[in-house]
Amino acid sequence: MAVKINFPKREIPSISVVSLANLALIIAVFMVIVVKVEYYEKSKIINLPKLNNSFKIPTQSKVSTILIVNDNEIYAEGFRIKSLDDLSTIYLMKSQKDISVLIKADKNVKVNTIIEVMDKLRQIGINKIAFITGG
Amino acid sequence: MKIFKENKTIDFKFDFVSLSVANLSFIILSFFALNIPKKEKGILFAFEKKPAFAQLPYQTQKYEVSNYIKFSINDKGEFFVEDEPVKIDETTYKLKNYLTEDSTRSIYIIIHQDASYEYLIKAFDITIETFKALKLSPKIYIGVIKR
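Since the model is a prediction, treat every value here as computed from it, not as a measurement.

### Observations concerning the sheet that holds strand β7 (residues 106-112) of chain B
Residue and element names in this part refer to chain B.
Inference 1: Pairing within the open sheet is mixed, and its five strands lie in the order β6-β5-β4-β7-β8. In the strand order of this sheet, the two ends are held by β6 (84-86) and β8 (140-145), each with one partner. Neighbour-to-neighbour, the strand axes of this sheet turn through a mean angle of 30°, independent of strand direction.
Inference 2: Where β7 and β8 come together, six bridges link them in parallel fashion. Counterpart to H112 in the pairing with β8 is I145.
Inference 3: On top of the sheet, helix α2 (residues 88-101) reaches β4 (68-73), β5 (79-81), β6 and β7; it is set at about 15° to β5, its chief contact.
Inference 4: Its contacts with the sheet put helix α3 (residues 117-133) on β4, β7 and β8, and the angle it makes with β7 is roughly 165°.

Written out as structure tokens, the structure reads:
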């Protein structure tokens, strides 16, 4: 004899997609943090030259930092540049001609490297350049 | 979107309100924290729209510097004032003497391209200190000696 069982009516199951959106945002933040941390780590190994008569550099307006770790390792906007022409790509694409560029260079870097970077920035049209020093 | 399986329905819900406030605030705070401007110290240059100064020795016609005190540094980090070798701790004194004679003069830092950046900053430090001590506004030029 067949037994008839009456199952209770179940609610329609649902999956919330909200968690996916959250996940995507968290991954985006994570990627930004990874890039920034790498950049920060690089800036930590730079041995800045000391300047007793330094001035406060205004950083409220548009500011970009260039890290010069050594004569062959230069970072701009968080990215390692292969040649100085990459600076044109970075700053011209973003049409950031009115920005100030802060140069954080290791004290053992050759003057020539610093001057070449400054020359390139001036060719792009950036006229506000600062040397960041320690001490 | 609905997926039909047999006679059952699964709903994929997307409710913006239920995007947790905690998560959103975490993300917003992270972005703010990453972009906090740091207080930096150093030297700020505001260049005029003139030729790049690294080419200065080759463009003397376009960029004339006159009435200056020559303050040079070679690739070994040795300092010279008006071509005379000077010890680092004596440079301020020497430069002061020249500037006291004629306060309208500027200081022209000429540095070898292979000298380290530390010496360029040191030269700036000495020069700014000299102008400050004499209460004069700094007039500094830089030139690079190429090999």
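Next comes the rest of the write-up.
### With respect to unusual backbone geometry
Residues and elements named next belong to chain B.
Inference 1: One non-glycine residue, E82, adopts positive backbone phi at about 50°.
Inference 2: As for its placement among the helices and strands, E82 is situated in the loop between β5 and β6.
Inference 3: Of note in this structure, K135 is not a glycine but carries a positive phi near 55°.
Inference 4: Its location among the elements puts K135 in the loop between α3 and β8.
Inference 5: Given 7 C-beta atoms within 10 Å, K135 falls into the exposed group.

The rules behind these values
Residues numbered from 1 in each chain as written. Chains lettered and ligands numbered in written order. Predicted model: local features only at pLDDT ≥ 70, side-chain atom pairs only at ≥ 80, totals over all residues. Pairing = 2+ DSSP bridges. Helix = DSSP H or I, 4+ residues; strand = E, 2+ residues; numbered from the N terminus. Axes fitted to C-alpha atoms, helices over the stretch in contact; angles between N-to-C directions. Contact = placed C-beta atoms within 7 Å. Buried ≥ 20, exposed ≤ 12 C-beta atoms within 10 Å, placed from the backbone.

That's the geometry; what it means functionally is another story.
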